[in-house]
Amino acid sequence: MKTHVQINNTVVEGKASPDDVFETLNKLNILYKTHEHPALFTVEESKALRGNLPGGHCKNLFLRGKKNDMWLLVCREDLKVDLKLLGVTLGGARLSFGSSDRLMRYLGVCPGSVSPFALINDTQQMVKVVLDSGLMKFSLLNFHPLTNEQTTSIAPNDLIRYIEACGHKAEILDLN
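Residues numbered from 1 in each chain as written. Predicted model: local features only at pLDDT ≥ 70, side-chain atom pairs only at ≥ 80, totals over all residues. Heavy atoms only, no water.

Caption draft 1: Quick look at the overall build of the protein chain. Counting its regular elements, the protein chain contains five helices and 10 strands. In the protein chain, which comprises 176 residues, the share counted as buried stands at 51%. If you take every contact in the protein chain between residues at least 6 apart in sequence, the share linking residues at least 24 apart comes to 65%. For the protein chain, the exposed surface amounts to about 9100 Å²; the carbon and sulfur share of it is 51%. (Helix = DSSP H or I, 4+ residues; strand = E, 2+ residues; numbered from the N terminus. Buried < 20%, exposed > 50% of the residue type's maximum accessible area, 1.4 Å probe, protein only. Contact = heavy atoms within 4.5 Å. Areas by Shrake-Rupley, 256 points an atom, 1.4 Å probe, with all protein chains shown as cover.)

Caption draft 2: Structural detail: helix α5 (residues 156–165). Considered for burial, the residues of α5 that qualify are Pro-156, Asp-158, Leu-159, Ile-160, Tyr-162 and Ile-163. In this structure, the buried residues of α5 make contact with α1 (18–27), β7 (127–132), β8 (141–143), β9 (150–154) and β10 (170–173). In the segment just after α5, Gly-167 is the residue with positive phi, at about 90°.

Caption draft 3: Representation of the pattern of salt bridges in the model. Counted by the stated rule, this structure contains three salt bridges. Across the salt bridge formed by Asp-132 and Arg-76, the nearest N and O atoms sit 2.5 Å from each other. Remark: Arg-76 occurs in strand β5 (residues 70–76) and Asp-132 occurs in strand β7; sequence separation between them is 56 residues. By relative accessible area, Asp-132 is classed as buried at 0%. (Salt bridge = Lys/Arg side-chain N within 4 Å of Asp/Glu carboxyl O.)

Caption draft 4: Examining the environment of Cys-58 more closely. Among the structural elements, Cys-58 can be located in strand β4 (residues 56–64). The class for Cys-58 is buried, based on a relative accessible area of 14%. Setting aside residues no more than four positions away along its own chain, Cys-58 makes contact with Cys-75, Glu-77, Leu-135, Asn-142 and Phe-143.

Caption draft 5: Structural detail: the state of the cysteines. Following the criterion strictly, the structure yields zero disulfides and no others. No disulfide involves Cys-58; its sulfur sits 8.0 Å from the nearest other cysteine sulfur, which is in Cys-75. (Disulfide = S-S within 2.5 Å.)

Caption draft 6: Expanded view of the confidence of the model for the protein chain. Taken as a whole, the protein chain shows an average pLDDT of 88; of its residues, 88% reach a score of 70 or greater. The low-confidence segment residues 1–12 (pLDDT under 50) makes 38 contacts with residues lying over four places distant or belonging to another chain. (pLDDT = per-residue confidence, 0-100.)

Caption draft 7: Summary view of the layout of surface pockets. Estimates place the volume of the second largest pocket at around 150 Å³. In this structure, the second largest pocket is lined by Leu-79, Lys-80, Val-81, Asp-82, Leu-85, Leu-86, Thr-89, Asp-174, Leu-175 and Asn-176. (1 Å grid on protein atoms, 1.4 Å probe; cavity = no way out; pocket = protein on both sides within 12 Å on 5 of 7 lines; lining within 4 Å. Points joined across faces, edges and corners; volume = space filled by probe spheres on them.)

Caption draft 8: Spotlight on the pairing of β7. Counting buried positions along β7 gives five out of six residues, so the element sits mostly inside the fold. Where β5 meets β7, five bridges bridge the pair, whose relative direction is parallel. Bridging from a neighbouring strand, Met-70 pairs with Val-127 of β7. Across four bridges, β7 lies against β10 in parallel orientation. Residue Val-130 lies in a different strand from β10, and its bridge partner there is Glu-171. (Pairing = 2+ DSSP bridges.)

As structure tokens, then:
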């Protein structure tokens, strides 16, 4: 159903829309709730705006290795991530942040809208998914559904089901 979607005032051809994400969640019989809000670009902006929105709040890092391997790291918003140590944990990869062009190419989103929901656009399964085990202990998790003008709450087990439905397998790591 991918056609084009407008993300942060940029028209993206051939990429999924938030409605495509919701349709996938509905097909999987996954319960979710979506909240509308002004565009958010940072964890700090999210903290200031969200009020008492329950559940685990996340930061999502799009990373690349020296050999053009791609990772989506999904972790607790306040977790300090040591990219060097994480690279060792992931088999010796030298990690850096992926560019906005690479982010658009692989996940079809702009910076500020990165989340596991963007895996719907990675039809070649080029991006490896790493989930923080501490994050998975929350009863609900909150992510942007391809746009940073919405936040969608979903249960951790349902997040795994969604990731698998997108053709990916998530690796759950203790990132304390």
